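Below, each chain spelled out in residue letters.
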Amino acid sequence: LLANASSNLIFRQRADIINTIRGYLVARGFLEVETPILSKNANGATARPFQTKAMDETELYLRIAPELYLKRLIVGGFEKVFEIGKVFRNEGVDATHNPEFTSLELYQSFAYFDDLLEMVKELFDSFAGDGSLRIKQHIDIMRVLQEKKIELDLTSDIRAQLEHYTKLHNLFDPQKTDSKLFD
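Being a predicted model, the structure only gives us computed values, none of them experimental.

J.: Could you clarify how one ought to interpret unusual backbone geometry in this entry?
T.: Only a minority of non-glycine residues have a phi that is not negative, and only a minority of peptide bonds are not trans. Of note, Glu57 is a non-glycine position whose phi angle comes to about 75°, a positive value. Among the residues examined, Glu57 registers a relative accessible area of 55% and is labelled exposed. One non-glycine residue, Phe110, lies in the positive phi region at around 60°. By the secondary structure assignment, Phe110 is in the loop between β6 (100-108) and α3 (113-128).

J.: Looking at this structure, how should I read helix α1 (residues 5-27)?
T.: In an α-helix there are 3.6 residues to a turn, and that puts residues three or four apart on one side. Look at α1: 32 Å from first C-alpha to last across 23 residues, which is about the 33 Å you get at 1.5 Å a residue. Of all the residues in α1, the buried ones are Ile18, Ile21, Tyr24 and Leu25. With its phi angle positive at about 90°, Gly29 sits one or two positions after the end of α1.

J.: I would appreciate a short explanation of the nonpolar core in the present structure.
T.: Note that soluble globular proteins tend to have their nonpolar side chains buried in a common cluster. Within the largest apolar cluster, nine residues are counted, these being Ile18, Ile21, Tyr24, Leu25, Phe30, Phe82, Ile84, Met119 and Leu123. Contributions of two or more residues to this core are made by α1, β5 (80-88) and α3. It is α1 that contributes the most residues to this core, four residues altogether. Setting aside residues up to four positions removed in sequence, Tyr24 forms contacts with Met119, Glu122 and Leu123. Core analysis: the next-biggest nonpolar cluster, separate from the first, contains five residues, Val33, Leu70, Val81 and Tyr107 among them.

J.: Would you mind showing me how to read the pattern of salt bridges here?
T.: Pairs can form between side chains of opposite charge whenever their charged atoms are close. By the definition in use, this model includes six salt bridges. One salt bridge in this structure joins Arg22 and Glu32, with 2.8 Å as the shortest N-O distance. Separated by ten residues along the polypeptide, Arg22 in helix α1 and Glu32 in strand β1 (residues 31-32) bring together distant segments of the chain. Look at Glu32 and you get partly exposed, because its relative accessible area is 32%.

J.: Looking at this structure, how should I read the pairing of strand β4 (residues 59-62)?
T.: Remember that side chains alternate between the two faces of the sheet whenever the strand is regular. By the bridge criterion, two bridges tie strand β2 (residues 38-39) to β4 in an arrangement that is antiparallel. Note on β4: the bridge partner recorded for Ser39 is Tyr61. Taken together, the three bridges between strand β3 (residues 51-53) and β4 define a ladder with antiparallel strand orientation. Among the inter-strand pairings, Gln51 is bridged to a residue of β4, identified as Tyr61. Here β3 hands over to β4 after five residues, with Glu57 in that stretch at a positive phi of 75°.

Cut-offs and rules
- Residues numbered from 1 in each chain as written.
- Predicted model: local features only at pLDDT ≥ 70, side-chain atom pairs only at ≥ 80, totals over all residues.
- Heavy atoms only, no water.
- Buried < 20%, exposed > 50% of the residue type's maximum accessible area, 1.4 Å probe, protein only.
- Helix = DSSP H or I, 4+ residues; strand = E, 2+ residues; numbered from the N terminus.
- Expected span 1.5 Å × (residues − 1).
- Core = buried A, V, L, I, M, F, W, Y, C linked by side-chain atoms within 4.5 Å.
- Contact = heavy atoms within 4.5 Å.
- Salt bridge = Lys/Arg side-chain N within 4 Å of Asp/Glu carboxyl O.
- Pairing = 2+ DSSP bridges.

Given below as structure tokens:
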């Protein structure tokens, strides 16, 4: 890190991003919590978990998502909770997949899709600071078989953009389900 300024910068930027996210959520009344990383049951997502054993031979699993614990807190009366923490998914390693990564998961009682979209816009605006943020990223929507390049402009209506890309790239097939993409 001493000899490589760009690596040093990445560590500092990552810390700044996490602190910005944390500050944004706390300022809006979210409670940051820590949930168990080891559990007797694999839970939270459909990925394959890593398994280990305690000294007494109890079988344990590394978490694949904090989802179920956070939802329990919501049911228990906390209206806004979040966790920034490590998750582990035993799905191989390649240039685009790391079995250990940091995730942000949050839940808010009585919030709708549009409320969360607005939060995402505000959060990303706090990174840019001037309301002009545009993101170019490869987004895998509903595990589509082929990769789609989508540009989201967070200064405009995200819902309309996603619906447009969904129709344009046939990402949502109403023949396969009776539900709508956003309802």
